[in-house]
Amino acid sequence: MTTWPSPTDTLRHDSGVAVLDKASLLLSVLEDGPASVSRIVALTGLTRPTAHRLALALQRLRLVTRDARGRFLLGPRLGEMAVAEHGDRMLEQTTPVLTELRDATHSSARLHRRCEGHQVCVAAAEAADAEEDAVPVGTAVGLWTGPVAQVLLAWEEPDVLYQGLVRARFTAAMLAQVRHRGWAQGSGGPAGDGATLAVPVRGPGGRVVAALSLSGPRTRLRTGPRVREFTATMIDAAMRLGEACDG
């Protein structure tokens with residue numbers, strides 16, 4: 001069985017300011033998804049009081065938030081930063097486009113940006129049956145796993161692509177396949193029975209500025225003729241979003 005490196009195996013935290021290094025270490029754990037204080041302690045080596053105190057401080061800054069189970073996860077500020085960086089002209093068109101896509105496919109439709117080495121959900125239209133799989137706007141996860149990350153990296157310049165592959169759970173060959181067919185596909189969901197499709201949103205000059213995704217049951221998005229039908233619909237929606245992008 002393949003064992004992937006933990007964030008603390010691959011990231012350095014040596015700013016020279018101890019409290020910042022500890023906060024960075026904690027945030028790197030959350031890049032892999034929600035984590036309890038016990039998990040943060042186990043992965044970082046921080047004491048429990050320190051980990052809890054830092055997590056609460058980061059929560060006040062909205063860099064960290066908590067889910068329904070009390071676990072810590074990356075907060076909404078990264079999403080806000082992504083919107084501020086790219087402007088909101090495209091986002092003005094996002095709600096009707098995502099809503100139409102959700103209604104046509106009965107799947108959750110989301111828009112993601114790259115920001116500070118993360119994939120950030122900046123808009124979403126959740127399907128009616130997506131209660132457990134819902135992704136709040138502003139959610140940020142590491143840019144090294146899943147079809148959204150593949151789409152956001154596949155068309156990058158070689159140096160950026162190389163840096164993205166250092167920690168990635170996919171290979172350069174997989175990204176080449178994504179570029180060839182124009183979209184990415186992967187599994188997901190808390191029970192392992194979900195699937196996600198992702199296509200690029202292109203801005204001026206054909207540059208990939210975002211990723212559009214659909215998430216839902218594997219039977220709907222993983223196999224059968226619907227996959228090609230849905231990806232064609234997604235590509236049309238991505239073109240509409242790209243036309244509204246001011247870069």
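Residues numbered from 1 in each chain as written. Predicted model: local features only at pLDDT ≥ 70, side-chain atom pairs only at ≥ 80, totals over all residues. Heavy atoms only, no water.

Q: It is not clear to me how the overall build of the chain should be interpreted in this structure. Could you clarify?
A: Of regular secondary structure, the chain possesses eleven helices and eight strands. Split into buried and exposed, the 247 residues of the chain put 45% on the buried side. Here the analysis covers contacts within the chain between residues at least 6 apart in sequence; of these, 54% occur between residues at least 24 apart. Accessible area of the chain: about 12,600 Å², with a carbon and sulfur share of 52%. (Helix = DSSP H or I, 4+ residues; strand = E, 2+ residues; numbered from the N terminus. Buried < 20%, exposed > 50% of the residue type's maximum accessible area, 1.4 Å probe, protein only. Contact = heavy atoms within 4.5 Å. Areas by Shrake-Rupley, 256 points an atom, 1.4 Å probe, with all protein chains shown as cover.)

Q: Any chance you could explain the nonpolar core here in plain terms?
A: The tendency in soluble globular proteins is for nonpolar side chains to be buried as a group. Formed by 44 residues in total, the largest nonpolar core has its most connected members in L30, I40, L111, V201 and L212. Looking at which element gives the most residues to this core, the answer is helix α11 (residues 226-243), with six residues. Setting aside chain neighbours within four positions, we find V201 in contact with M90, L111, R207, V208, V209, A210, A211, L212, A238, L241 and G242. Listed in part, the 17 residues of the second largest apolar core include W144, V148, L152 and A198. (Core = buried A, V, L, I, M, F, W, Y, C linked by side-chain atoms within 4.5 Å.)

Q: Is there a simple way to explain helix α4 (residues 48-60) in this structure?
A: Along an α-helix, a turn takes 3.6 residues, which lines up residues three or four apart on a common side. If you check α4, its first and last C-alpha atoms are 19 Å apart, about what 13 residues at 1.5 Å a residue would give, namely 18 Å. For α4, the complete set of buried residues consists of T50, A51, L54, A55 and L58. The buried residues of α4 occupy an angular sector of 125° when the element is viewed end-on, so they sit on one face. With respect to the buried face of α4, the exposed residues turned more than 90 degrees away are P49, R53 and R60. The inward-facing, buried residues of α4 abut α2 (18-30), α3 (37-44), β1 (64-66) and β2 (72-74). R62 sits one or two positions beyond α4 and adopts a positive phi of about 65°. (Expected span 1.5 Å × (residues − 1). Arc of directions from axis to C-beta.)

Q: Can you help me understand the packing of aromatic side chains in this one?
A: For any pair of aromatic rings, the description consists of the separation of the ring centres together with the inter-plane angle of the planes. For the coordinates displayed, the defined rule picks out zero aromatic pairs. R181 extends its terminal NZ or CZ atom over the ring of W183, reaching a point 4.1 Å from the ring centre. Over the aromatic face of W155 sits the side chain of R202, whose NZ or CZ is 4.8 Å from the ring centroid. (Phe/Tyr/Trp six-rings, centres within 6.5 Å; stacked < 30°, edge-to-face > 60°. Lys NZ or Arg CZ within 6 Å of the ring centre and 35° of its normal.)

Q: What is the right way to look at the pattern of salt bridges in this model?
A: When charged atoms on two side chains of opposite charge get close, those side chains can pair. Scanning the entire structure with this criterion turns up four salt bridges. Linking R240 and E100 is a salt bridge whose minimum nitrogen-to-oxygen distance equals 3.0 Å. Here R240 is found in helix α11, whereas its partner E100 is found in helix α6 (residues 89-105), with 140 residues between them in sequence. For R240, a relative accessible area of 39% translates into the label partly exposed. Using a relative accessible area of 43% as the deciding quantity, one classes E100 as partly exposed. R110 is the partner of E126 in a salt bridge, and the nearest nitrogen-oxygen pair spans 2.8 Å. Taken together, the residues E126 in the loop between β4 (118-125) and β5 (140-142) and R110 in strand β3 (residues 108-115) connect sequence positions 16 residues apart. We classify R110 as buried; its relative accessible area is 5%. (Salt bridge = Lys/Arg side-chain N within 4 Å of Asp/Glu carboxyl O.)

Q: Is there a simple way to think about the pairing of strand β8 (residues 208-217) in this case?
A: Within a regular strand, side chains alternate between the sheet's two faces. Of all ten residues in β8, nine are buried, a share of seventy percent or more. Taken together, the five bridges between β3 and β8 define a ladder with antiparallel strand orientation. Considered in β8, the bridge of H112 is made with A211. In textbook terms, the turn of a hairpin is the stretch between consecutive antiparallel strands, and for strand β7 (residues 194-202) and β8 this stretch comprises five residues, one of which, G205, has a positive phi near 75°. (Pairing = 2+ DSSP bridges.)

Q: Which parts of the structure should I look at to understand the confidence of the model for the chain?
A: Caution applies to low-pLDDT regions: their predicted coordinates should not be interpreted in detail. This prediction gives the chain a mean pLDDT of 83; 84% of its residues lie at or above 70. Low pLDDT (under 50) marks residues 1-12, which in the prediction has 15 contacts with non-local residues, meaning those over four places away or in another chain. (pLDDT = per-residue confidence, 0-100.)

Q: I keep staring at the pairing of β4 and nothing clicks. Help me out?
A: Of all eight residues that make up β4, seven are buried, and the element is covered over most of its length. Between β3 and β4, which pair antiparallel in sequence order, lie two residues; one of them, E116, sits at a positive phi of approximately 50°. Summarising the sheet, β4 and β5 pair through three bridges and their orientation is antiparallel. Opposite V120, over in β5, you have A140 as the bridge partner.

Q: Just to check I follow, could you spell out the side chain of S108 for this structure?
A: Within the fold, S108 resides in strand β3. Engagement of the side chain of S108 in a polar contact is seen with the side chain of E126, the distance being 2.9 Å. Only 3.0 Å separates the side chain of S108 from the backbone nitrogen of A127, close enough to count as a polar contact. Ignoring any residue separated from it by four or fewer positions in sequence, one finds S108 in contact with A125, E126, A127, A130, S213, L214 and S215. (Polar contact = N/O pair within 3.5 Å; in protein donor to acceptor, adjacent residues only side chain to side chain.)

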